[in-house]
Amino acid sequence: MRYEGMVYRPPSEAGSLIIQATVGCPHNRCTFCSMYRQSRFRLRSVDEIKEDLAMARDYYGDSVRTVFLADGNTIVMKTDHLVEILRCIRQLFPAVERITSYGSARFITKKKPADWVALQQAGLSRIHSGMESGDDEVLRLQNKGVDAQGIVRAGQMIKDAGIELSEYIIVGAGGKTLSEQHAQNSARVLNRINPDFIRLRTLMPAQGTPLYDMFKKGEFKLLSPHEALAETRLFIEHLEGISSTLYSDHISNYWNVSGKFPGNKEAMLKQIDHALSLDEKQFRDPLQVRL
């Protein structure tokens, strides 16, 4: 596999063929994110991508079932170029069941609804979207480049096109000061979108990011394990009228809360109540993984 820079992909794409369609992230200014800090964003050519796909076909044969198009926000490619790539994947791997990519709201809304329909028809199955928060104040703190209404509009565009949507929420994204509004407003945004999946990540300041510098200066206060769990509980409590499946599929989280709405909601709240009853010393230190 030809690949420039570090490989990043969602945990659910662990078994996928990863093809680099773009290098880095076109935004690359989120205050919490260190993933593509060392990469200058660029689009790879369609011919180059098709060469990689052909090499993968020679190596794996027809065994490929899922494909992930990296890096961050590959969806910024021209729609007709993406369609050509998707059709090539379907041609080379006729048994493929899922083709996915990262896509944030800021860039999703740069395409027209008809573009997303065309991409779905060409074979795009799922978008992994890091909304991080549904609260405008937190979104400004995180420098996401989009507001809550933009996130709603983007999510609805994807869903209307018949593409699966996996939305990512960062527990603790607003620190101690904005915790309550972050939880409640994130739930309200997701209630309007009704994504297929909601995935939780817990904030861990990454060295080399503006948020890390704020944390070191005492300008941003991390949540303790119990505070993070309480925020998660408040978030889940305010999720209403959706049929999404929630996952805590990441090492950053303090507790593995998962289930499908609406049926498993009360069970998830009880899981968190149990976690909150445990001594906080049983959980990892908030700084353990990153620092």
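Residues numbered from 1 in each chain as written. Predicted model: local features only at pLDDT ≥ 70, side-chain atom pairs only at ≥ 80, totals over all residues. Heavy atoms only, no water.

1. Examining the overall build of the chain
Part 1 of the reasoning: Broken down by element type, the chain carries ten helices and ten strands.
Part 2 of the reasoning: Relative to the globule expectation of 19 Å for 291 residues, the C-alpha radius of gyration of the chain, 19 Å, shows essentially globular dimensions.
Part 3 of the reasoning: Taken along its principal axes, the extent of the C-alpha atoms in the chain is 55 × 40 × 35 Å.
Part 4 of the reasoning: Residues counted as buried form 53% of the 291 residues belonging to the chain.
Part 5 of the reasoning: Seen as two clouds, the 38 positive and the 35 negative side-chain charges of the chain have centres 2 Å apart. (Helix = DSSP H or I, 4+ residues; strand = E, 2+ residues; numbered from the N terminus. Rg over C-alpha atoms; globule rule 2.2 N^0.38 Å. Buried < 20%, exposed > 50% of the residue type's maximum accessible area, 1.4 Å probe, protein only. Lys, Arg positive; Asp, Glu negative; His and termini not counted. Charge placed at Lys NZ, Arg CZ, Asp CG, Glu CD.)

2. A few points about the packing of helix α2 (residues 79–92) against helix α4 (residues 113–122)
Part 1 of the reasoning: Closest axis-to-axis distance for the α2/α4 pair is 9 Å, and the angle between their directions is 15°. What the angle tells us is that α2 and α4 run roughly parallel. Classified by chirality, the crossing of α4 by α2 is right-handed. On α4, the residues that touch Thr-79, Leu-82, Val-83, Leu-86, Arg-87 and Arg-90 of α2 are Asp-115, Ala-118, Leu-119 and Ala-122.
Part 2 of the reasoning: For the contact of α2 with α4, the class distribution of residues is six nonpolar, one polar and three charged. (Axes fitted to C-alpha atoms, helices over the stretch in contact; angles between N-to-C directions. Parallel < 35°, antiparallel > 145°, perpendicular 65-115°, else oblique. Left-handed = near helix turned anticlockwise from the far one by under 90°. Contact = heavy atoms within 4.5 Å. Nonpolar A, V, L, I, M, F, W, Y, C, P; charged D, E, K, R; others polar.)

3. Brief notes about the nonpolar core
Generally speaking, soluble globular proteins have nonpolar side chains that are buried together.
Part 1 of the reasoning: Core analysis: the largest hydrophobic core is formed by 66 residues, its most contacted members being Trp-116, Phe-235 and Leu-246.
Part 2 of the reasoning: Ignoring any residue separated from it by four or fewer positions in sequence, one finds Phe-235 in contact with Ile-169, Ala-183, Ser-186, Ala-187, Leu-190, Ile-198, Leu-200 and Leu-246.
Part 3 of the reasoning: With twelve residues, the next largest nonpolar core counts Leu-178, Leu-203, Phe-220 and Leu-222 among its residues. (Core = buried A, V, L, I, M, F, W, Y, C linked by side-chain atoms within 4.5 Å.)

4. Some thoughts on the environment of Ile-18
Part 1 of the reasoning: Position of Ile-18 among the secondary structure elements: in strand β1 (residues 17–20).
Part 2 of the reasoning: Of the residues examined, Ile-18 reaches a relative accessible area of 11% and is grouped as buried.
Part 3 of the reasoning: Distance from Ile-18 to Arg-284, taken between C-alpha atoms, is 32 Å for residues 266 residues apart in sequence.

5. Some details on the state of the cysteines
Part 1 of the reasoning: Summed over the entire model, instances satisfying the criterion amount to zero disulfides.
Part 2 of the reasoning: Not engaged in a disulfide, the cysteine Cys-25 finds its nearest cysteine sulfur in Cys-30; these two sulfurs lie 6.7 Å apart.
Part 3 of the reasoning: Cysteine Cys-33 is unpaired, with the sulfur of Cys-30 as its nearest cysteine sulfur at 6.1 Å. (Disulfide = S-S within 2.5 Å.)

6. Points about the pairing of β1
Part 1 of the reasoning: Residues Leu-17 and Ile-19 of β1 are buried on one face, and the alternating residues Ile-18 and Gln-20, pointing to the opposite face, are buried as well.
Part 2 of the reasoning: Across four bridges, β1 lies against strand β4 (residues 66–70) in parallel orientation. Paired with Leu-17 across the strands is Val-67, a residue of β4. (Pairing = 2+ DSSP bridges.)

7. Some thoughts on the side chain of Ser-129
Part 1 of the reasoning: Position of Ser-129 relative to the elements: it lies in strand β6 (residues 126–132).
Part 2 of the reasoning: In this structure Ser-129 comes out as buried when scored by relative accessible area, which is 3%.
Part 3 of the reasoning: Leaving out residues up to four positions away in the same chain, Ser-129 has contacts with Gly-103, Ser-104, Ala-105, Ile-108, Leu-165, Ser-166, Glu-167 and Tyr-168.

8. Things to note about helix α7 (residues 179–193)
Part 1 of the reasoning: In this model, α7 (15 residues) spans 21 Å end to end at C-alpha, consistent with the 21 Å of a helix rising 1.5 Å per residue.
Part 2 of the reasoning: Looking at the packing, one finds that the buried side of α7 touches β6, α5 (136–142), α6 (148–160), β7 (164–171), β8 (197–202) and α9 (225–237).
Part 3 of the reasoning: Where α7 ends, the next residue or the one after it, Asn-194, has phi of about 55°, a positive value. (Expected span 1.5 Å × (residues − 1).)

9. Focus: the pattern of salt bridges
Part 1 of the reasoning: Inspection of every chain in the model, using the stated rule, returns 15 salt bridges.
Part 2 of the reasoning: Linking Asp-196 and Lys-159 is a salt bridge whose minimum nitrogen-to-oxygen distance equals 3.3 Å. Here Asp-196, found in the loop between α7 and β8, pairs with Lys-159, found in helix α6; they are 37 residues apart in sequence, far enough to count as distant.
Part 3 of the reasoning: Close ionic contact of Glu-240 with Lys-265 constitutes a salt bridge, the shortest N to O distance being 2.8 Å. You can see Glu-240 sitting in the loop between α9 and β9 (245–247) and its partner Lys-265 sitting in helix α10 (residues 265–277), a full 25 residues away along the chain.
Part 4 of the reasoning: Judged by relative accessible area, which is 48%, Glu-240 ranks as partly exposed.
Part 5 of the reasoning: Since its relative accessible area comes to 10%, Lys-265 is described here as buried.
Part 6 of the reasoning: When salt bridges with common partners are traced through the structure, they connect Arg-2, Arg-44, Glu-48, Glu-51 and Asp-52 into a single cluster. (Salt bridge = Lys/Arg side-chain N within 4 Å of Asp/Glu carboxyl O.)

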